[in-house]
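# Architecture and fold: a report
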Amino acid sequence: GDLDKVVNLLLSLSGRLARVETALGSLGPHTPAEDKLALREKRRLLVAQLEDAKELKEHVGRREEVVGAMVARYLPAEHLQDYQHFVKMKSALTAEQRELEEKIKLGQEQLRCLRESL
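Cut-offs and rules
- Residues numbered from 1 in each chain as written.
- Predicted model: local features only at pLDDT ≥ 70, side-chain atom pairs only at ≥ 80, totals over all residues.
- Heavy atoms only, no water.
- UniProt positions renumbered as here; feature names shortened; annotations may be inferred.
- Domains from an automatic or database assignment.
- Contact = heavy atoms within 4.5 Å.
- Buried area = accessible area lost by both parts, 1.4 Å probe.
- Core = buried A, V, L, I, M, F, W, Y, C linked by side-chain atoms within 4.5 Å.
- Buried < 20%, exposed > 50% of the residue type's maximum accessible area, 1.4 Å probe, protein only.
- Helix = DSSP H or I, 4+ residues; strand = E, 2+ residues; numbered from the N terminus.

Looking at an unreviewed UniProt entry, one finds the chain named SHRM4 protein and attributed to Grallaria varia. Looking at the chain in UniProt, the text filed under Sequence similarities (unreviewed entry) is "Belongs to the shroom family."

What follows is the structure in structure tokens.
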């Protein structure tokens, strides 16, 4: 459960950071200085939060190793392999699910914009 939460947090922060960087990149020369400053501050905060989330993921990873070692004492080899595979695939599948949800959301937004333009 913690792994899911941390992966979702990392993905969320990465997405937000990407949107802020895109917004910063699209600012024109006539953009008010306070808008630029606000976006730069938001970017700085998101970068710091992303670093904190990475540290949290490392902590969860270390805890996962401890739990894995304890589980290894009680499970037969074939079940242990299943458990290890499950743990590895869980975060990958969570990331993939989040990416697909973002693509669906983007597609729906593009569809809405196309309908409005017609």
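Don't stop here, the text continues.
One can read the domain layout of the chain as domain 1 (1–74) and domain 2 (77–117). Relative to domain 2, the C-alpha centre of domain 1 lies at a distance of 17 Å. Between domain 1 and domain 2, the contact holds 12 residues from the first and 9 residues from the second. Summed over both sides, the interface of domain 1 with domain 2 buries roughly 890 Å², with 66% coming from carbon and sulfur. Together, Leu3, Asp4 and Leu11 form the three largest contributors to the area buried by domain 1 at its contact with domain 2, with a combined 39%.

Our focus in this paragraph is the nonpolar core. By size, the foremost hydrophobic cluster in this structure holds 12 residues: Leu3, Val6, Val7, Leu10, Leu13, Leu17, Val20, Leu39, Leu46, Leu50, Ala53 and Val60. Those elements that place two or more of their residues in this core are α1 (2–25) and α2 (33–74). The dominant element in this core, judged by the number of residues it contributes, is α1, at 7 residues. Setting aside residues up to four positions removed in sequence, Leu46 forms contacts with Leu13, Arg16, Leu17 and Val20.

Tracing the sequence through the fold places Leu80 in helix α3 (residues 77–117). With sequence-adjacent residues up to four places away left out, Leu80 is seen in contact with Gly68, Val71, Ala72 and Leu75.

Attention shifts here to the UniProt feature "coiled-coil region" (unreviewed entry) in the chain. Here, the residues flagged by UniProt with the feature "coiled-coil region" (unreviewed entry) are residues 90–117. The span residues 90–117 is 100% helix and 0% strand, and its two end C-alpha atoms sit 40 Å from each other.

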